[in-house]
Amino acid sequence: MSSKGFRPSDILCRTINAYSRASKGSNWVIFASTSQVATFSAPQPIHNTLRVAVTGQLLYPPFTQLGWDQNADALSDVSANDVAQFEHIAGFGRPLWKSLMAVGGENINSIMTTAAQKLSKSKIFDATISNEALAVLSQRFALDIYFGHPDAVSYIDKGVASHLRICYSTTEDRTWSFTGYPSEPLLSCAAADLLHQDAYNLVRALEVLKNKVDGGMFEMGQSSELTSRLVLLLAKDKYVRKHHDRLKDPYTRVRGTDDDNSWKAELIDCQKVSVIHFLEHMFGDSLWSQVGDTAKERFKHAYINFSHWVPMDGLISPGSEVSDRCSAAEWTLRHWHRTSAVQCCHLQPLVDKMIPIYFDDPNLESRDIYRVSQMFISDKAGKNYNERDLGFISRAHPSIKCLSPLPFIALLLDLNGESKLDVSFAEGEPNCPETDQCLRIYASGVNSITFPFLRGYPTEVLTLLRRFISKPEAPSSNERLHALVKYGRTAEESHMRWEAQRHM
């Protein structure tokens, strides 16, 4: 209700009426909003019609006919070496980013600023405000919401209304919506800058997330997959910013003086990174000394590139029953073009994540699809060491089937163990697509010894990352009750013998 007593619906109708009176032709009005549409509807006592939603009861189904990725470049139109260019990245996701390029006076910085302000719904990002912090983290780290939490619905509603969260669909009875942050690399770059523009923005955002995780609103994953996503992407964030002067250009790296097309500037969070240098940055100089020069030579032309995580609902290789599956090479190359890394589904055997690798080797076949490989990651968070499981990771497994003559990387992160780094490189039989050229890395513990790059962040970041590994334990006075009400969760006596309550 306005100060003069007008409802939003009154103001809207008066505005449409004013345009109609001023025009001789007919006027068509499309009302598009991410806010609560019922706010603008006429009140129910005046217009009792099924077309009018009653606040808090029914959801308006989203308009989805415009699709997604309308302006994305075809896979064959862009070289794998050019995927970090702004004009390529702007084509993914909603059409807004590409359309702004055609507006006079706009440049990369102004468009990225618009994206950042729309994501956070603020001109100045405040990481202590829950909705702002969670929007930025959700867009990049694929946060998994527990929908049974009492705050989940309000968080989703605010995300759709104010923080660029997408509503995919509603149930047939319009009482429940399906939402999320789809892969949108330009928005990921804006989110990355918000997290790192201030030394403590990341700390504040992680504190907000930790409070929500402890309260049960977000899932950490059975093997602390959330911690792994945070560690891996924060490692790349720190690497690309080591020699970057944000004051000169917050979003792109310096271009050559002969480059007269400003839209071809490379976004720093989408630029490719040398595998050799990235692994040294993440695990320290000792990594390559453990395996010798042969392994380093084989990965001399290898690069990784990811700005955000995307979750999978199915297996990497679902089997012969799925006839329209992309080839392993195309699947990997498309993630490279989108600068996305993969969080596998819970049913995926052997591995939990995939980061695409590209070999910029002049001696290889010129087509990009023959130049890709993968880094497969397995997450562990138990009390026991799981180093032997590293040897079981195989890209020939029926659920993966990513065979290639190029080398690949198998990484096992044993997040809850003591500090340890063990690296091996098995060459195997020449030209064998599975056994030769596999760099296997076992990294145990979340600390600055296993991950030296964490020393570049405030000490609170390391403390918070450790707290994401395991949920807080129930108070001792409630332990026996918790065990009883969780009957059948394990085969242990505390979860099976209900007679125990008689002795409480």
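Computed from a prediction, not measured in an experiment: that's the story for all the values here.

(A) Region of interest: the overall build of the protein chain. If you tally the helices and strands in the protein chain, you get 16 helices and 13 strands. Here the protein chain, with 504 residues, has 46% of them falling under the buried criterion. Taking the intrachain contacts of the protein chain between residues at least 6 apart in sequence as the baseline, contacts between residues at least 24 apart amount to 68%. Of the roughly 26000 Å² of accessible surface on the protein chain, a fraction of 51% belongs to carbon and sulfur atoms.

(B) Spatial organisation of the nonpolar core. Ranked by internal contacts, the top residues of the largest apolar core, which has 106 residues, are Phe86, Leu279, Phe283, Phe299, Leu439 and Ile441. Excluding anything up to four places from it in sequence, phenylalanine 86 contacts Met101, Ile108, Ile111, Met112, Leu186, Trp263, Ala265 and Leu267. Ranked by size, the runner-up nonpolar core spans 19 residues in total, among them Cys344, Phe376, Phe408 and Ala410.

(C) Structural detail: the side chain of aspartate 352. Mapped onto the fold, aspartate 352 is located in the loop between β8 (340–343) and β9 (353–359). Put simply, aspartate 352 is tucked away with no salt bridge, and the nearest opposite charge, on lysine 380, sits 6.0 Å away.

(D) View of unusual backbone geometry. The backbone phi angle of aspartate 69 is positive, close to 65°, even though this residue is not glycine. The exposure class assigned to aspartate 69 is partly exposed, which follows from its relative accessible area of 22%.

(E) Here's a closer look at helix α13 (residues 328–338). Most of α13 sits inside the fold, with eight of its eleven residues counted as buried. Directly after α13, the chain includes threonine 339, whose backbone phi takes a positive value near 50°.

(F) Up close: the pattern of salt bridges. Taken as a whole, this structure holds 18 salt bridges when the rule is applied. In this structure, the salt-bridge partner of aspartate 193 is arginine 246, at a minimum N-O distance of 2.8 Å. Here the residue aspartate 193 occupies a position in helix α7 (residues 185–196), and arginine 246 occupies one in the loop between α9 (225–240) and β5 (273–274), the gap between them amounting to 53 residues. Note that lysine 420 and glutamate 387 form a salt bridge whose closest N and O atoms lie 2.8 Å from each other. With lysine 420 in strand β12 (residues 420–426) and glutamate 387 in the loop between β10 (372–380) and β11 (408–414), this residue pair connects regions lying 33 residues apart in the sequence. For lysine 420, a relative accessible area of 37% corresponds to the partly exposed category. Under the relative-accessibility criterion, glutamate 387 is labelled partly exposed at 24%.

(G) Quick peek at the pairing of strand β2 (residues 166–170). Pairing of β2 with strand β3 (residues 177–180), which is carried by four bridges, proceeds in the antiparallel orientation. Opposite threonine 170, over in β3, you have serine 177 as the bridge partner. Two successive antiparallel strands, β2 and β3, enclose a turn made up of six residues, where arginine 174 displays a positive phi of approximately 60°.

(H) Seen up close, the pairing of strand β7 (residues 308–311). Pairing of β7 with β8 involves four bridges; the strand directions are parallel. Across the sheet, residue proline 311 finds its bridge partner in β8, namely glutamine 343. With respect to chirality, the unit in which β7 leads through α13 into the neighbouring parallel β8 is right-handed.

(I) Structural context of helix α8 (residues 201–214). Helix length check: α8 (14 residues) gives 20 Å between terminal C-alpha atoms against 20 Å at 1.5 Å per residue, within 8%. Those residues of α8 not exposed but buried are Asn201, Leu202, Val203, Ala205, Leu206, Val208, Leu209, Lys210 and Val213. Tucked into the core, α8 has its buried residues touching α5 (130–141), α7, β4 (218–219), α9 and α14 (459–467). Looking one or two residues past α8, glycine 216 carries a phi angle of roughly 90°, positive in sign.

Definitions and cut-offs
- Position labels on residues start from 1 in each chain and follow its written sequence.
- Where local features are concerned, this predicted model is filtered to residues with pLDDT of at least 70; where side-chain atom pairs are given and counted, the filter is 80 or more; whole-chain, interface and lining totals use all residues.
- Values shown for side chains rest on all heavy atoms present in the structure; no hydrogens or waters enter the calculation.
- In DSSP terms, a helix is any run of H or I states spanning at least four residues, a strand is any run of E spanning at least two, and both are numbered starting from the N terminus.
- Classification of residues uses two cut-offs on accessible area relative to the type maximum, computed with a 1.4 Å probe and protein chains only: under 20% is buried, over 50% is exposed, and between them is partly exposed.
- Whether two residues are in contact is decided by their heavy atoms, any of which lying within 4.5 Å being enough.
- Using a 1.4 Å probe, the Shrake-Rupley method yields the accessible areas, and only the shown protein chains count as cover for residues.
- Here, nonpolar core means buried Ala, Val, Leu, Ile, Met, Phe, Trp, Tyr and Cys residues that are tied together by side-chain atoms lying within 4.5 Å of each other.
- Here the positive residues are Lys and Arg and the negative ones are Asp and Glu; neither His nor the chain ends is included.
- Definition used for salt bridges: Asp or Glu carboxyl oxygen within 4 Å of a side-chain nitrogen of Lys or Arg.
- For two strands to count as paired, DSSP must find a minimum of two bridges between them.
- Clockwise travel from the first strand over the helix to the second, with the strands pointing away from the viewer, marks a crossover as right-handed.
- By this rule the span expected of a helix is its residue count minus one, scaled by 1.5 Å.

In short, shape yes, function no, at least from these values alone.
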